Amino acid sequence: MLKNLSACVILRVPAEEPFLHASLSSFRPLTEDLYILDMGQHAFAERFAEEYGARVVRVHDQPHEAAMLNIMLKEANKEWLIWMDADEFILEGHALIGELVQDGKTKAASVRAIHFEDPVSTFDEPRTYRLLNLQPDSRFLGTIDPQLVLPEDRGAVVDSEIKIAHRAYMQDEIIIQKNHQRVKNFSRHLEEHPDDRFARNKLGYYLMAIREWGKALEQQNILIESDPNDPENPLFMLRAATCALSLNDSELALQYVERAIEQQPNFSDAYFMLGTILVRYNRLDEAKAALQQALERKAKTPYYLLADESMSTWKPLNELAEISRRENRLLDAVRFLERSLEVYPTNYRTNLMLASLYKQLNRPEDAKKAYQAAITINPAILQKKAVKP
């Protein structure tokens, strides 16, 4: 046990309850000074606190992220503090935490955030500082995107190999509840700071995440119109097009996409969306041309508009495969899907599409392999009505 270490679990939403045991248990080998920062008046927090000998600190009104983190720093009783969300747990690094706390040379240590089933995959920021030597001037600044301010006169900042594992990415209910909370936080922030484009960008993004398409479209329009020269406007136009499609307004979506391409002619994702909209209108030749442009312009797309490099390749290929299938050019469809799997081999939907095409082409062994690959990637499809070879 480390007598000079406090540990905090941040409880944000009710859906995190099933994971509190794992979170608090992973702190047990380190310290007995545990507390739960309860941001939602959750009745079950007291039960867990009693079981683990923890204190509950209730935050009655959800503050901004930096304010919440500063409350956490203030409540810590010891020289050192380590913290994580209630849907996380320490996967590796208990011994390393002890070494860092005891060596007296460190003021902060980073933590690698990983997927709890796949230690190779990282989420959010690859490294975030979660182990902190508390000093009077240690604090978080900012509101939406808090920055940790550390004293300059004592100790080093260490990139450690402590690993904290996320569970929320596999739990839809946690994601939904957190996104609703984020919408609430960003909306309140914008009431006080209406010109904060970063916050408005985040609000629009999370409104889309909870499928509030009309409200999300309104935020995209504010971003686009309030600064016509913002180089990120093509991205906001594409999000606006997504909202319009979800509101069954393909014509409006097409207008947004055309505006995005006009402002940034090398925006590959805009050509991809143009292709998908043209497919809806059964304008297949134009759709194919747009999708080919999406593939060709990927390398020229400005980095700040390119969300995911592999996505910008496999999505147009899959759409081209679907057009080829419609036109009964099954071999071409297979070739597009095989290229798609070279880029994104763990896409189970692509494997299912291939299995169906192989079956139509009377290639039962290939169909069986593709289907097996799909269920290996996602065993849950066995419970769905997937086409078996």
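Residues numbered from 1 in each chain as written. Predicted model: local features only at pLDDT ≥ 70, side-chain atom pairs only at ≥ 80, totals over all residues. Heavy atoms only, no water.

Undergrad: When you look at unusual backbone geometry in this model, what are you seeing that I'm missing?
TA: With the exception of glycine, the majority of residues adopt a negative phi angle, and the majority of peptide bonds are in the trans configuration. Backbone geometry places Arg211, a non-glycine residue, at a positive phi of 65°. Its location among the elements puts Arg211 in the loop between helix 6 (197-209) and helix 7 (213-226). Residue classification places Arg211 among the exposed positions, given a relative accessible area of 61%. Phi is positive for Asn282, which is not a glycine, with a value near 60°. With respect to the helices, strands and loops of the structure, Asn282 is situated in the loop between helix 10 (268-280) and helix 11 (284-296). (Helix = DSSP H or I, 4+ residues; strand = E, 2+ residues; numbered from the N terminus. Buried < 20%, exposed > 50% of the residue type's maximum accessible area, 1.4 Å probe, protein only.)

Undergrad: Can you walk me through the pattern of salt bridges in this structure?
TA: Two side chains that carry opposite charge are able to pair once their charged atoms sit near each other. Within the structure shown, the criterion is met by 21 salt bridges. Between Asp332 and Arg335 there is a salt bridge; the shortest N-O distance is 2.5 Å. Remark: Arg335 and Asp332 occur in helix 13 (residues 330-343); sequence separation between them is three residues, near one turn of the helix. Residue class for Asp332 comes out partly exposed when judged on its relative accessible area of 24%. Taking relative accessible area as the criterion, Arg335 reaches 47% and is therefore assigned partly exposed. (Salt bridge = Lys/Arg side-chain N within 4 Å of Asp/Glu carboxyl O.)

Undergrad: Explanation requested: helix 2 (residues 44-52) in the structure shown.
TA: Side chains that are three or four residues apart share a direction in an α-helix, a result of its 3.6 residues per turn. Within helix 2, the full set of buried residues consists of Phe44, Ala45, Phe48, Ala49 and Tyr52. With its buried residues spanning 140° around the axis, helix 2 presents them on a single face. Each element contacted by the buried residues of helix 2 is listed here: strand 1 (5-11), helix 1 (20-27), strand 2 (34-38) and strand 3 (55-58). Immediately beyond the C-terminal end of helix 2, within one or two residues, lies Gly53, with a positive phi of roughly 65°. (Arc of directions from axis to C-beta. Contact = heavy atoms within 4.5 Å.)

Undergrad: Explain the side chain of Glu16 here, please?
TA: Note on placement: Glu16 falls in the loop between strand 1 and helix 1. You can call Glu16 buried: its relative accessible area is 0%. A polar side-chain atom of Glu16 sits 3.1 Å from the main-chain amide nitrogen of Val13. Within polar-contact distance, the side chain of Glu16 engages the side chain of Lys178 at 3.4 Å. The contact partners of Glu16, leaving out residues within four places of it in the chain, are Ile10, Leu11, Asp85, Ala86, Asp87, Ile174 and Lys178. (Polar contact = N/O pair within 3.5 Å; in protein donor to acceptor, adjacent residues only side chain to side chain.)

Undergrad: Honestly, the packing of helix 13 against helix 14 (residues 348-360) in this entry has me stumped. Any pointers?
TA: The geometry of helix 13 relative to helix 14 is characterised by a closest axis approach of 10 Å and an angle of 150° between their N-to-C directions. As judged from the angle between their axes, helix 13 and helix 14 are roughly antiparallel. Crossing geometry of helix 13 relative to helix 14 is assigned as left-handed. Within the contact between the two elements, helix 13 uses Leu330, Ala333, Val334, Leu337, Glu338, Ser340 and Leu341 and helix 14 uses Thr350, Asn351, Met353, Leu354, Leu357, Tyr358 and Gln360. The class makeup of the residues in the contact of helix 13 with helix 14 is nine nonpolar, four polar and one charged. (Axes fitted to C-alpha atoms, helices over the stretch in contact; angles between N-to-C directions. Parallel < 35°, antiparallel > 145°, perpendicular 65-115°, else oblique. Left-handed = near helix turned anticlockwise from the far one by under 90°. Nonpolar A, V, L, I, M, F, W, Y, C, P; charged D, E, K, R; others polar.)

Undergrad: Looking at this model, I keep getting lost on the nonpolar core. Mind explaining?
TA: Nonpolar side chains tend toward joint burial in soluble globular proteins. Within the largest apolar cluster, 66 residues are counted, with the highest numbers of intra-cluster contacts made by Val257, Leu274, Ile277 and Leu354. Top element by residues in this core is helix 8 (residues 233-246). It accounts for nine residues. Dropping the residues within four chain positions of it, Leu274 is found in contact with Leu254, Val257, Ile261 and Ala290. Within the second largest apolar cluster, 30 residues are counted, among which are Val9, Leu11, Leu34 and Ile97. (Core = buried A, V, L, I, M, F, W, Y, C linked by side-chain atoms within 4.5 Å.)

In short, geometric facts, not functional conclusions.
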